[in-house]
Amino acid sequence: MVTAVRQPAAMPEIRNPGIALDLDWVREVRINRSAVERRAATMGTRRTVKKQWQAAWLLNAIRCLDLTTLAGDDTPGNVRRLCAKALHPLRQDMEDDLGAVGIRVGAVCVYHNLVPVAVDALSGTDLPVAAVSTGFPAGQIPLPIKLDEIRTSVRAGASEIDIVISRSLVLTGSWRALYDEVRAFREACGDAHLKTIVASGDLATLRNVGMASLVCMMAGADFIKTSTGKESVNATLPVGLVMTRAIRDYAERTGFRVGFKPAGGIRTTKQALEWEILMKEELGDDWLHPDLFRIGASSVLTDIERQLSYFLTGRYAADHHFPMP
Amino acid sequence: MTVTEIPSQLEYGPAPESREPGIDWIAQHDARFGLFINGHWSAPEGGEYFDVLNPATGLPLASAAEAGPHDVDAAVESARNAFASWSQLPGHTRARYLYALARQVQRHSRLFAVLESLDNGKPIRESRDIDIPLVARHFYYHAGWAQLMHTEFPGYESVGVVGQIIPWNFPLLMLAWKIAPALAMGNTVVLKPAEFTPLTALLFGEVVERAGLPPGVVNIITGDGRTGELMVSHPGVDKIAFTGSTEVGRIIRRTTAGSGKKLSLELGGKSPFVVFDDADLDSVVEGVVDAIWFNQGQVCCAGSRLLVQESVEERLLAKIRARMERLRIGDPLDKAVDIGAIVAPVQLQKIQSLVQQGVEEGAEMWQPSWACPQEGFFYPPTLFTNVSPAATIAQVEIFGPVLVSMSFRTPAEAVALANNTPYGLAASVWSENINLTLDVARQIKAGTVWVNSTNLFDAASGFGGYRESGYGREGGREGLFEYMKPAPREGAISGETAGEPDATAPGVPPIDRTPKLFIGGKQVRPDSGYSTVIRGASGQVIGEVGTGNRKDVRNAVEAAQAARAWSDSFGHQRAQILYYMAENLSARQDEFAGRISLQTGRSRDDAAEEVDRSIERLFTFAAWADKFDGLVHHTPFRTISIAMPEPIGVMAAVAPRELPLLGFISVIASPISMGNRVVAVPSEAYPLSATDLYQVLETSDLPAGVVNIVTGPRAAVASVLAAHDNVDAIWYFGDDQGVRDVEAASAGNMKRTWAHQEDRDLWLLTASGLDELLLRESTQVKNIWVPYGE
């Protein structure tokens, strides 16, 4: 049976406009690392999905994928290839057999220089192009240049901007400055959506991650994102717990829903499922769709394809049976 | 097979663990199990069997044998025969057997887990990830203690045949907690699993066979309470170890009173879960899940009383309700289920009726919107708010997935509410302020306190109760003493030398003295208004002491209760006072020697030696006051796990008849050195050495109420003390009848007892073994778990 997959909206209808900086709230953040780690450790053991349910969850993971290439040797050639894969993440026969005709990833994510190439490759589709920005990955460039970079990417056709925050502002407790910085990024984005990368691996403590997440949301982030993929520690489930709980807290108190994007180090089907389980458990079903959930990754797609192929055939496939991104 | 559409809501779907291996194993035994006695499987002599149900379906899984008197006899005899050689094996040999058991459990871990979930109804996630790994860990850990017993515990020996009775909530884990330390310390066992859940114990019997343990070292007999009674009253059993309800624990205490059986009891609880306003509330919510919805809440240490600071109460309760809505209940063999089945209809009914009572008493009940499965025995997670401490559901152990919530305003009120229970098994304290958490952890009366965590278990950390949650510890170094006893002593010095009593000098009579009672730091007249004449060795009247009665005991206990500050004082302070007592006693050495001689007719030299030894004993416990250290356990968590000896509280000490001064000093010095307050009853025959001490106590800066002395008819006074619920422990040294009475009466509040027949040599021991014994009997171990990491 073949049914076309309805691609949901890429972004929520009502954007988070941000709120005034509430320092009392920021300082109230309490994170108990050991307790968070205990919860994270059982996230994938308390819940599991099998058989057709697992297949459905994996197809959903594909829909939420920000298919990414962020390498010094990126060229128009490999970016075009990535875009082709983004539009056809599954081999046609699998698409048919799974009843997932028309499935595509959530977005393509590239450096600014490759934005025009990606926009061109995806023209005629509404698949968004995301650009990493603001001196990605370290963010150690002057603010005006950061703002200029955002505007340039938006002009080039990027509809999502993945910015990096200045980690020094977190490490020195300069919450006002961080708020102002992200506010400025948001304004520079205009209609493009703002994903703020807190670079959790650089923030030293989970409490810093929680406080930084909150400040970014107050400043108007559409998404908060764990990592650049370039820190020594990338997306971990404990960090994910802290950030999703911050999102929940923010939604409960303000009514605005902010999305979440774990990124970096997500390579296996099992990891993708764990992240989905975390979203369902901590934030609920609404946060399982690409308007509020993205997974920043690339190689995970091949592993998901292998798993889906096993589901369809009962046999383990070789990587070279799947079109490479 | 296709996925027709990605649903807008992603559901989990069924994720069943295969039950076939468990069902196959049962089928291999024709679904009928015998008794494992002396290394063989046999049918019960009475031919009686009972059904074992699957709580998730209500249908029978198998039938198991009801062990009768003959079977229990055979099991005890087999254990007795095996004990002779097992206890004499080198520790290394026993270590090899325990290691083999650990490896066997690991090799068959999934079968154990599946069987456990089939039989008990607990989610496979828990049996697979918690119960069975902890079982293996327990055998590994105790293999180590078997290896080290001889070097680490010289002067100790095995107890003998141990009867072990375990509950249905953690069937195999409780078996491991019982069997591993018993075997490690050279005992042999007769173990009875609960009649609801015998299957994993029976599989364990096969594992014992396969591991090649000598026949009779482990005997597994099944049956209901009748079998348990036979074990408890069996004269061939040297020790009973029981985990279960306080109600049954009380019966066991009374049954074994005066039998000389060693006893350890791990009983019920109503453990507080204390949340301060600066806690990580989202983590608290997960803690609550682990506290009360772990194993359907059928956990003796379940955090069943949520005490939350008023300022965050509403926020926390909202979070908890939201979380409850997401819990999944259902087939225990489903890998994505949080709550399985309640073990049996009787337990389900008990939960239902207590919840009903809670509603009737005016508490607000909340349950998630989803429904439980129709077949099998299920009960939804339940939250009660608007609960007062007076409500039944706030006091009674429900042993089900039911949480009651109350609020507090200040740390002091949190502690008061936490301790407002007859139980004292465990507690959980949540705050990001380490000063506050440790302060509260110290003040809560419970054997285990988890800081910012809950229901963490490990073989290296002793688990057990304060108050009516029982006594004895399981796990850790502290748990081993339940399965060892001091070896027969050699080299005890005889203190007695026959001698002529001193002639009383004729002439001017001595000034008349009136020894009253010593209560609350004052000498007070006995309530009765009577005095008892005390005669010397030659029958002459040498004094009169007050005849204490129950009101005097009541007053003495009140005075001791009021002297709470002593328990919070530092060892260094207590040491100074004990030294000072020794100094003041020494100044009056001749007088005390004379009095001993006058009362007992022993020679002056001999009496002087008793005084010397009494002074030395005061020095000994002055020395120990700041040296009986706790331990930091090596648990496999990023946690500082502190095992801390704490005073028991108010202790009654009924002194031995002989050795009027040394005996008396011995029973008060250790308890007060450890911070207890004491109500002491001197030798009935020779009380004057104790009454003479009043002035020593008064001049030694001992705070009022720390030592209270009630003279009078020992049996009557002791029985009032043993039955007093504000007395936390009692030491008694006397005759068989007295031991029996004291042990039986102690069941009222399950106070700890150390009661023995008069053993004069014990008090003359100078070996360190006596010190350690006295110190252990003067303290209870609290394990505080402090996870760290920012």
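Conventions we followed
- Residues numbered from 1 in each chain as written.
- Chains lettered and ligands numbered in written order.
- Predicted model: local features only at pLDDT ≥ 70, side-chain atom pairs only at ≥ 80, totals over all residues.
- Heavy atoms only, no water.
- Helix = DSSP H or I, 4+ residues; strand = E, 2+ residues; numbered from the N terminus.
- Expected span 1.5 Å × (residues − 1).
- Buried < 20%, exposed > 50% of the residue type's maximum accessible area, 1.4 Å probe, protein only.
- Contact = heavy atoms within 4.5 Å.
- Buried area = accessible area lost by both parts, 1.4 Å probe.
- Salt bridge = Lys/Arg side-chain N within 4 Å of Asp/Glu carboxyl O.
- Core = buried A, V, L, I, M, F, W, Y, C linked by side-chain atoms within 4.5 Å.
- Polar contact = N/O pair within 3.5 Å; in protein donor to acceptor, adjacent residues only side chain to side chain.

Peer 1: Could you give an account of helix H7 (residues 199-210) of chain B, naming the residues involved and the relevant values?
Peer 2: All names here are of chain B. Across its twelve residues, H7 extends 17 Å between first and last C-alpha, which sits within 8% of the 16 Å expected from 1.5 Å per residue. With ten of its twelve residues buried, H7 lies for the most part within the structure. Buried within H7 are the following residues: Leu 199, Thr 200, Ala 201, Leu 202, Leu 203, Phe 204, Gly 205, Glu 206, Val 207 and Val 208. Just downstream of H7, Gly 212 is the residue with a positive phi angle, here 75 degrees.

Peer 1: Provide a residue-level description of the interface of chain A and chain B, including the pertinent values.
Peer 2: Contacts between chain A and chain B engage 51 residues on the former and 45 residues on the latter. Here chain A meets chain B over a buried area of about 4300 Å², counting both sides, of which 49% is carbon and sulfur. Summed over the three residues of chain A that lose the most area to chain B, namely Arg 30, Arg 46 and Arg 47 of chain A, the buried surface amounts to 16% of that side. Across the chain A-chain B interface, the total number found is five salt bridges.

Peer 1: Break down the nonpolar core for me, citing the residues and quoting the values.
Peer 2: Among the nonpolar cores identified, the biggest contains 117 residues, and Leu 101, Phe 139, Ile 179, Leu 183, Phe 204, Ile 220 and Trp 293 of chain B are the most heavily contacted of them. Once residues within four sequence positions are removed from consideration, Ile 220 of chain B is found in contact with Leu 35, Phe 36, Leu 175, Ile 179, Leu 191, Pro 193, Ala 201, Leu 202, Phe 204 and Gly 205 of chain B. Grouped together as the second largest cluster of nonpolar side chains are 106 residues, Val 29, Ile 165 and Met 243 of chain A together with Leu 10 of chain B included.

Peer 1: Run through the pattern of salt bridges, naming residues and quoting values.
Peer 2: Residues and elements named next belong to chain A. Throughout the structure, instances matching the rule amount to 65 salt bridges over all chains. The salt bridge partner of Glu 231 is Arg 167, with a shortest N-O separation of 3.5 Å. Taken together, the residues Glu 231 in the loop between strand E6 (223-225) and helix H11 (237-254) and Arg 167 in helix H8 (residues 167-171) connect sequence positions 64 residues apart. For the pair Glu 231 and Arg 167, one class covers both residues: buried. The salt bridge involving Arg 306 is made with Asp 303; its shortest N-O contact spans 3.7 Å. Of the two residues, Arg 306 and Asp 303 both sit in helix H13 (residues 300-313), three residues apart, roughly one turn of that helix. Here Arg 306 falls in the partly exposed class, since its relative accessible area comes to 29%.

Peer 1: How would you sum up the side chain of Asn 452 of chain B? Please name residues and give values.
Peer 2: Looking at the element boundaries, Asn 452 of chain B is found in the loop between strand E18 (448-451) and strand E19 (470-471). At a separation of 2.8 Å, a polar atom in the side chain of Asn 452 of chain B contacts the main-chain carbonyl oxygen of Ser 431 of chain B. Setting aside residues no more than four positions away along its own chain, Asn 452 of chain B makes contact with Asn 32, Ala 35 and Arg 38 of chain A together with Val 429, Trp 430, Ser 431, Glu 432 and Pro 787 of chain B.

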